[in-house]
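Structural features, examined
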Amino acid sequence: MSTFQQPVRRLPDRPGQAAGADPGDTDTRDRTTVRTAKGAKGSKAGKTGKDSDGQGPKIGPTGRPIRHIPDPPPLERHGPAEIVAMCNQKGGVGKTTSAINLGAALAEYGRKVLLVDFDPQGALSVGLGIQPHELDKTIYNVIMERSVDVDDVIRETRVENVDLLPSNIDLSAAEVQLVAEVGREHTLLRVLRPVLDRYDYILVDCQPSLGLLTVNALTAADGVIIPLECEFFSLRGVALLIDTIEKVRERLNPKLDISGIRATMFDPRTLHSREVIARVVEAFGDTVFDTVINRTVRFPETTVAGEPITRWAPRSSGAAAYRALAREVIAR
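Residues numbered from 1 in each chain as written. Predicted model: local features only at pLDDT ≥ 70, side-chain atom pairs only at ≥ 80, totals over all residues. Heavy atoms only, no water.

Points about the overall build of the protein
Scanning the protein from terminus to terminus reveals twelve helices and seven strands. Looking at the protein as a whole, 53% of its 332 residues are labelled buried. Relative to all contacts within the protein whose residues are 6 or more apart in sequence, the contacts with residues 24 or more apart total 79%. When the accessible surface of the protein is totalled, it reaches about 15,600 Å², and 50% of it is carbon and sulfur. (Helix = DSSP H or I, 4+ residues; strand = E, 2+ residues; numbered from the N terminus. Buried < 20%, exposed > 50% of the residue type's maximum accessible area, 1.4 Å probe, protein only. Contact = heavy atoms within 4.5 Å. Areas by Shrake-Rupley, 256 points an atom, 1.4 Å probe, with all protein chains shown as cover.)

Topic: the packing of helix H6 (residues 212-220) against helix H8 (residues 238-251)
Running from N to C, H6 and H8 cross one another at 55°; their axes reach a closest spacing of 10 Å. Regarding the angle of H6 to H8, the classification is oblique. Seen along the crossing, H6 lies across H8 with a hand that is right-handed. The segment H6 lies against H8, with Val215, Leu218 and Thr219 engaging Thr244, Ile245 and Val248. Per-class residue counts for the contact of H6 with H8 are four nonpolar, two polar and no charged. (Axes fitted to C-alpha atoms, helices over the stretch in contact; angles between N-to-C directions. Parallel < 35°, antiparallel > 145°, perpendicular 65-115°, else oblique. Left-handed = near helix turned anticlockwise from the far one by under 90°. Nonpolar A, V, L, I, M, F, W, Y, C, P; charged D, E, K, R; others polar.)

What about the side chain of Arg323?
Structurally, Arg323 is set in helix H12 (residues 317-331). Apart from residues lying up to four places away in sequence, Arg323 is in contact with Ala105, Glu108, Tyr109, Thr310 and Pro314.

Some words on the nonpolar core
One broad trend across soluble globular proteins is that nonpolar side chains are buried collectively. If you look at the biggest cluster of nonpolar residues, it comprises 60 residues, and the most contacted ones within it are Leu114, Val116, Phe118, Leu165, Ile202 and Val204. Discounting chain neighbours no more than four positions away, the residues touching Ile202 are Ala81, Glu82, Ile83, Val84, Leu114, Val116, Leu192, Val195 and Leu196. Counting 34 residues, the second largest nonpolar core, distinct from the first, contains Leu128, Val159, Phe289 and Leu325. (Core = buried A, V, L, I, M, F, W, Y, C linked by side-chain atoms within 4.5 Å.)

Quick notes on the environment of Thr214
Considering the arrangement of structural elements, one finds Thr214 in helix H6. Here Thr214 falls in the buried class, since its relative accessible area comes to 1%. For the pair Thr214 and Val204, spaced ten residues apart in sequence, the C-alpha separation works out to 9.5 Å. Look past the residues within four positions of Thr214 in its chain and what remains in contact with it is Cys87, Cys206, Gln207 and Ser209.

Notes on the sheet that holds strand S5 (residues 201-206)
Spatially, S3-S4-S2-S5-S1-S6-S7 is the arrangement adopted by the seven strands of the open sheet, whose pairing is mixed. Unpaired on one side and paired on the other, strand S3 (155-156) and strand S7 (257-264) mark the two borders of the sheet. In this structure, strand S2 (residues 113-118) lies alongside strand S4 (residues 162-165), joined through four bridges in parallel fashion. Pairing of Leu115 across the sheet is with Leu164, part of S4. Of the strands in this sheet, strand S1 (82-86), S2, S4, S5, strand S6 (223-229) and S7 are in contact with helix H1 (residues 95-108), which crosses S5 at around 170°. (Pairing = 2+ DSSP bridges.)

As for the packing of aromatic side chains
Applying the stated criterion across every chain, the model contains one aromatic pair. A cation over an aromatic ring shows up here: Lys112 above the ring of Tyr199, its NZ or CZ 5.7 Å from the ring centre. (Phe/Tyr/Trp six-rings, centres within 6.5 Å; stacked < 30°, edge-to-face > 60°. Lys NZ or Arg CZ within 6 Å of the ring centre and 35° of its normal.)

Remarks on the pattern of salt bridges
Taken as a whole and assessed by the stated rule, the structure comprises 17 salt bridges. Residues participating in the shared-partner salt-bridge network are Arg64, Arg67, Asp286 and Asp290. (Salt bridge = Lys/Arg side-chain N within 4 Å of Asp/Glu carboxyl O.)

A closer look at the pairing of S1
For S1, the buried fraction is high: four of the five residues fall into the buried class. In the sheet, S1 pairs with S5 via five bridges, with the strands oriented parallel. Within S5, the residue paired with Val84 across the bridge is Leu203.

As structure tokens, then:
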């Protein structure tokens, strides 16, 4: 059943307060049991893991049993690519971090990945060690100048099997200039179509807004991954984003679906984080990935280093989490 046909429960006005708890209780100790999702369905994932004493399934941060997903089999050939938009109109929720590290993790499993920096801030390019202001040509030139081919702009990165279509502040002008264009919502799809057979995944890092550039990304995409910070204000914008996704699906891109909602910046020590993720799972069920990305100092370090965490700290918990997320994405 399509994600949009699933009943979505209204999110609470005040997460962070457990049933029967004192409204002023902000203690981070585990004094309440986080409720698990109701009615969650099984997925393509494998068997559930066992807890340390072998008495039952091991419960993950989402409140559901952790399902074991084996490493994906190698591919005999590459393409056609699945286009995935990393989208959330709220900034600072981990869209760029997700695109870089998920792309690198997919590449470790033999998938060929193109990362598309579709944010004028150029954070994705910076996160891969490229200075946007030094670029002669970016995705802006491919969009606005018919004489520029996408292959003229795609750059190899330091990560094997990961390429980049970079961006810089010039892209901010495209949103204004595209308004007068015929078929303006399909511009990104036109740019990506020639390279679809070359890659297995194309991850589009969207800007933190629901403007024309984001609509372009949704129109081109097969699916959307929504990074969601485990914080109350992040919940408030999810309904608006899903409404935009539904409109794009109805009017511009019938194949568009939500690939998954991914919890980021999770702090298992706080009751607030646990309550937020419980409410998200309760509302969206199996749409929420099992993999949860915890807060860690490693991610800011990787930005400075210009490398994904799978290369900068390959044995860290963050690297393991993104490898698990990559297995989930492939399995779905």
